[in-house]
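Read off the chains here:
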Amino acid sequence: MAIQKIEAPRFRLALLHPRYWLTWLGVILMYGLSWLPYRWQLGLGKALGRTLGKLLKSRAKIAKRNLELCFPEKSQAERDALLIANFEATGVAMLETGMAWWWPQWRVKKHMQVENFHHIKEVLDQGQGVILMAMHFVTLEIGARMFGMLQPGVGFYRPHNNALMEYLQYHGRVRSNKYLVDKRDVRGMVQALREGEAVWYAPDQDYGRRRAVFVPFFEVPDAATVTATSMFAKQGRAKVVPFVQTRLADGSGYKLSFFPPLKTLPSGDDLQDTKLVNQIVAREIRKQPEQYMWVHRRFKTRPNESDPSYY
């Protein structure tokens, strides 16, 4: 069965239409900033993030609530400080998009450290596919670029609604990776795994009730979590390898960390497998909570539609 790869968008004169001029202005600014010294971009990104935290009040409210639900043991002052640090990290991530899309390889390598990549290589060398179990840290964009430089892989993809941004986003994300499949193309992902590819998949957000079970995540006892990780591993005959990218506190760059393949997944018990996935995600978030995407409503889906919202 042939994989239905996302077709690469081509540059068209229509992208120069006045409706895209504001987007072009933002893109040109982002491109110019991407060539500033890295530490300058860190400083600018943090300032941008603090500003966004004040302007995007609804997102700040969601992030604040997520932190209350996940870290009830922390004091209000500690959570407030974590919220500010999270928006700073998010601001930096916006500039990292330019780094991921436009930096040359030599510059990316200069700011890149790798830990335990052999966990990926050993599985692929055996001809088996790898589910790269990623997590929604704000560094996801730069992490994908760096991973592709180690091992070009395949990613799930949702096209951008803006045609110009779709052109830039697609070509930015395949710069060091193989190809992209639509996020709804389950067969395409399974086929890629059976062909021995490394496929990027992040199961840690609330994707609704479909193919989900309600299991603990941090201190929330009933977080809707997809069971697809087990399904992909079983149908794709693949190993699940957790993966994390971290923006280093000393301002030197990033560390990509790979963990041993999950020996017990799939176990045949979707509930237990999904609990394990959430335990791993929570463990890694606790190491760098300021770098996680708290602005999404992780707990929006309740077991019963009549249950009161956490938000």
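Residues numbered from 1 in each chain as written. Predicted model: local features only at pLDDT ≥ 70, side-chain atom pairs only at ≥ 80, totals over all residues. Heavy atoms only, no water.

The name that an unreviewed UniProt entry assigns to the protein chain is Lipid A biosynthesis acyltransferase, with the source organism given as Gallaecimonas xiamenensis 3-C-1. Check the Function (unreviewed entry) section of the UniProt entry for the protein chain; it says "Catalyzes the transfer of an acyl chain from an acyl-[acyl-carrier-protein] (ACP) to a Kdo(2)-lipid IV(A) to form a Kdo(2)-(acyl)-lipid IV(A)." A UniProt comment under Sequence similarities (unreviewed entry) is attached to the protein chain, and it reads "Belongs to the LpxL/LpxM/LpxP family." (UniProt positions renumbered as here; feature names shortened; annotations may be inferred.)

## Digging into the overall build of the protein chain
What the protein chain contains, in helices and strands, is 11 helices and 9 strands. The globule rule puts the C-alpha radius of gyration for 311 residues at 19 Å, and the 20 Å found for the protein chain is close to it. For the protein chain, with 311 residues in total, the buried portion stands at 53%. Look at the contacts in the protein chain between residues 6 or more apart in sequence, and 78% of them connect residues 24 or more apart. When the accessible surface of the protein chain is summed, it comes to about 15,400 Å², and 55% of that surface belongs to carbon and sulfur atoms. The positive charge centre, built from 45 side chains, and the negative charge centre, built from 28, are 5 Å apart in the protein chain. (Helix = DSSP H or I, 4+ residues; strand = E, 2+ residues; numbered from the N terminus. Rg over C-alpha atoms; globule rule 2.2 N^0.38 Å. Buried < 20%, exposed > 50% of the residue type's maximum accessible area, 1.4 Å probe, protein only. Contact = heavy atoms within 4.5 Å. Areas by Shrake-Rupley, 256 points an atom, 1.4 Å probe, with all protein chains shown as cover. Lys, Arg positive; Asp, Glu negative; His and termini not counted. Charge placed at Lys NZ, Arg CZ, Asp CG, Glu CD.)

## As for empty space enclosed by the protein
All chains considered together, the criterion is met by 1 cavity of 30 Å³ or more. Its boundaries defined by the atoms lining it, the largest cavity holds a volume of some 30 Å³. Of all the secondary-structure elements, those providing two or more residues to the lining of the largest cavity are α3 (57–70) and α4 (76–102). Here the element with the most residues in the lining of the largest cavity is α4; it accounts for 4 residues. (1 Å grid on protein atoms, 1.4 Å probe; cavity = no way out; pocket = protein on both sides within 12 Å on 5 of 7 lines; lining within 4 Å. Points joined across faces, edges and corners; volume = space filled by probe spheres on them.)

## Things to note about a nonpolar patch on the surface
A surface patch of nonpolar side chains, about 330 Å² in accessible area, is lined by F11, L13 and L16. With respect to the element layout, F11 can be found in the segment before α1 (21–33). (Patch = residues over 30% accessible without salt bridge, like charges linked within 9 Å, V, L, I, M, F, W, Y side chains within 5 Å. Salt bridge = Lys/Arg side-chain N within 4 Å of Asp/Glu carboxyl O.)

## Things to note about the pairing of strand β2 (residues 129–133)
Within β2, 5 of the 5 residues are buried, leaving the element largely enclosed by the surrounding structure. Alternating positions in β2 separate into two faces, G129, I131 and M133 on one and V130 and L132 on the other, with burial throughout. In this structure, β2 lies alongside strand β8 (residues 238–247), joined through 5 bridges in parallel fashion. In the sheet register, M133 faces β8, and the bridge partner there is P242. Relative to strand β5 (residues 198–201), β2 is paired through 4 bridges, and the arrangement is parallel. Looking at β5, one finds that L132 is bridged to W200. (Pairing = 2+ DSSP bridges.)

## Let's talk about the sheet that holds strand β1 (residues 112–115)
Strand order in this open sheet of 7 strands is β1-β9-β8-β2-β5-β3-β4, and the pairing throughout is mixed. Either end of the sheet is taken by a strand with one partner, and the two such strands are β1 and β4 (179–182). The mean angle between the axes of side-by-side strands here comes to 30 degrees, regardless of whether they run parallel or antiparallel. Along the sheet, helix α8 (residues 163–173) makes contact with β3 (154–157) and β4, crossing β3 at roughly 155 degrees. (Axes fitted to C-alpha atoms, helices over the stretch in contact; angles between N-to-C directions.)

## Some thoughts on α3
When the terminal C-alpha atoms of α3 are compared, their 20 Å separation across 14 residues agrees well with the 20 Å that a helix rising 1.5 Å per residue should span. Among the residues making up α3, those that are buried are A60, I62, A63, N66, L67, L69 and C70. Buried residues along α3 sit against α2 (38–55), α4, β7 (220–226) and α11 (270–287). (Expected span 1.5 Å × (residues − 1).)

## Topic: the pattern of salt bridges
Summed over the entire model, instances satisfying the criterion amount to 12 salt bridges. Between E115 and K255 there is a salt bridge, with the nearest N and O atoms lying 3.9 Å from each other. You can see E115 sitting in strand β1 and its partner K255 sitting in strand β9 (residues 254–258), a full 140 residues away along the chain. Classification of K255 by relative accessible area gives partly exposed; the value is 26%. The partner of K287 in a salt bridge is E284, and the shortest N-O contact between them spans 3.0 Å. One end of the pair is K287 and the other is E284, both in helix α11 and 3 residues apart, which spans about a single turn.

## Some thoughts on the packing of α1 against α8
Where α1 contacts α8, the axes come no closer than 9 Å and their chain directions differ by 30 degrees. When the interaxial angle is binned, α1 and α8 end up roughly parallel. Residues T23, W24 and V27 of α1 touch α8, and the partners they reach there are L164, M165 and L168. A breakdown of the residues in the contact of α1 with α8 according to their chemical character gives 5 nonpolar, 1 polar and no charged. (Parallel < 35°, antiparallel > 145°, perpendicular 65-115°, else oblique. Nonpolar A, V, L, I, M, F, W, Y, C, P; charged D, E, K, R; others polar.)

## Focus on the packing of aromatic side chains
Under the criterion given, the structure shown has 22 aromatic pairs. Ring plane angle 80 degrees and centroid distance 5.5 Å describe the contact between F137 and Y292, whose orientation is recorded as edge-to-face. Taken together, the residues span a long stretch of sequence, with F137 in the loop between β2 and α7 (140–150) and Y292 in the segment after α11 at a distance of 155 residues. On the accessibility criterion, Y292 (3% relative accessible area) is buried. Arranged with centres 5.3 Å apart and planes meeting at 70 degrees, the rings of W200 and F243 form a pair that is edge-to-face. Here W200, found in strand β5, pairs with F243, found in strand β8; they are 43 residues apart in sequence, far enough to count as distant. F243 matches W200 in its accessibility class, with the two residues each being buried. An aromatic cluster is built from F71, F137, F217, F218, Y292, W294, F299 and Y310, whose rings are joined through pairwise contacts. (Phe/Tyr/Trp six-rings, centres within 6.5 Å; stacked < 30°, edge-to-face > 60°.)

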